[in-house]
Amino acid sequence: MYIYNMDMKELSKIVKSRRKELGITQADAAGMCGVGNRFLSELENGKESLHIGKVLHVLAMLGIDIALNTRG
């Protein structure tokens, strides 16, 4: 999937979809990723001010790859 100019709402949908695809609860995913339930809930709800390091860690643990490209 390629999304240009992704925002937190799009990212949150991808995280939630992947978690459901894996068949695990938010609590199970949080435990697996080493983050709190609240953090994962906020990520899945598109909170803008989350710690980027934790977000990247959750993505990696859920098997979600991201690619960055420069424009122009």
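A. Geometry of the environment of Leu 40. For Leu 40, the location among the structural elements is in helix H3 (residues 37-44). Sequence separation between Leu 40 and Gln 26 is 14 residues; the distance between their C-alpha atoms is 6.7 Å. When sequence neighbours within four positions are dropped, the list of residues in contact with Leu 40 reads Arg 19, Gln 26, Ala 29, Ala 30 and Val 58.

B. The nonpolar core, seen in detail. Residues Phe 39, Leu 43, Val 55, Val 58 and Leu 62 are the most contacted members of the largest nonpolar core, which totals 16 residues. Those elements giving two or more residues to this core turn out to be helix H1 (8-22), helix H2 (26-33), H3 and helix H4 (52-61).

C. Region of the structure containing the pattern of salt bridges. Applying the stated criterion across every chain, the model contains five salt bridges. Put simply, Glu 42 and Arg 38 hold a salt bridge, and the shortest N to O gap is 3.1 Å. Taken as a pair, Glu 42 and Arg 38 lie in helix H3 at a separation of four residues, close to a single helical turn. Counted as one network, the salt bridges with shared partners bring together Arg 38, Glu 42 and Lys 47.

D. Seen up close, the side chain of Glu 44. Inspection of the secondary structure puts Glu 44 in helix H3. Classification of Glu 44 by relative accessible area gives buried; the value is 7%. Among all residues touching Glu 44, those that are not within four sequence positions of it are Ser 12, Val 15, Lys 16, Arg 19 and Gln 26.

Quick notes on the rules
Residues numbered from 1 in each chain as written. Predicted model: local features only at pLDDT ≥ 70, side-chain atom pairs only at ≥ 80, totals over all residues. Heavy atoms only, no water. Helix = DSSP H or I, 4+ residues; strand = E, 2+ residues; numbered from the N terminus. Contact = heavy atoms within 4.5 Å. Core = buried A, V, L, I, M, F, W, Y, C linked by side-chain atoms within 4.5 Å. Buried < 20%, exposed > 50% of the residue type's maximum accessible area, 1.4 Å probe, protein only. Salt bridge = Lys/Arg side-chain N within 4 Å of Asp/Glu carboxyl O.

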